[in-house]
Amino acid sequence: MSQIAQRTGIIWTPQDDIDLLAVSLDAADDADFLGMININQAARDWLDNKISLSDYCDILQMNGIPDPFELVDEFCEHTELIIRMGA
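On a predicted model such as this, the values are computed, not experimentally measured, just so you know. (Residues numbered from 1 in each chain as written. Predicted model: local features only at pLDDT ≥ 70, side-chain atom pairs only at ≥ 80, totals over all residues. Heavy atoms only, no water.)

Things to note about the overall build of the protein
Phase 1 of the analysis: When helices and strands are tallied, the protein shows five helices and zero strands.
Phase 2 of the analysis: Each of the 87 residues in the protein was classed as buried or not, and the buried ones make up 29%.
Phase 3 of the analysis: Long-range contacts, defined as pairs at least 24 residues apart, comprise 54% of the intrachain contacts of the protein with a sequence gap of at least 6.
Phase 4 of the analysis: Accessible area for the protein stands at about 5,700 Å²; split by element, carbon and sulfur atoms hold 51% of it. (Helix = DSSP H or I, 4+ residues; strand = E, 2+ residues; numbered from the N terminus. Buried < 20%, exposed > 50% of the residue type's maximum accessible area, 1.4 Å probe, protein only. Contact = heavy atoms within 4.5 Å. Areas by Shrake-Rupley, 256 points an atom, 1.4 Å probe, with all protein chains shown as cover.)

Here it is in C-alpha cells:
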C-alpha cells in the first residue's frame, strides 16, 4: 500500500494527478504564497512533460521541500497502486 493510502485509509483516485502533488497554505506571507505557486506550477509542468524530474525536484528544493524524492516516491507508489487495483 502506498504511503498516501496508509495515511488516509483509502485508495484515492483524484480526477487530476495534480491533486496528489499540489500544496496549499492556510495563511502565508508573500514569499510562502509565491513558493506555493512555484511548487504547483512545477508539478503541472512535470506532469505535462514540460520539465524533467530532476528540474521538478530542484524547484521543490529551492522552495523549501527538503526531500523532494520522498514526495515523488509517494506520488509514484500511489499511482502504481491505483493502476494495480484497477481503480
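Don't stop here, the text continues.
Description of unusual backbone geometry
Phase 1 of the analysis: The phi torsion at N49 lies on the positive side, around 60°, for a residue other than glycine.
Phase 2 of the analysis: Mapped onto the elements of the fold, N49 is located in the loop between α3 (30-47) and α4 (53-62).
Phase 3 of the analysis: Look at N49 and you get exposed, because its relative accessible area is 70%.

Remarks on the pattern of salt bridges
Phase 1 of the analysis: Counted by the stated rule, this structure contains two salt bridges.
Phase 2 of the analysis: With a closest N to O distance of 2.6 Å, R44 and D16 form a salt bridge. Of this pair, R44 sits in helix α3 while D16 sits in the loop between α1 (3-8) and α2 (18-21), placing them 28 residues apart in sequence.
Phase 3 of the analysis: A salt bridge links R44 to D48; the shortest N-O distance between them is 4.0 Å.
Phase 4 of the analysis: Classification of D48 by relative accessible area gives partly exposed; the value is 38%. (Salt bridge = Lys/Arg side-chain N within 4 Å of Asp/Glu carboxyl O.)

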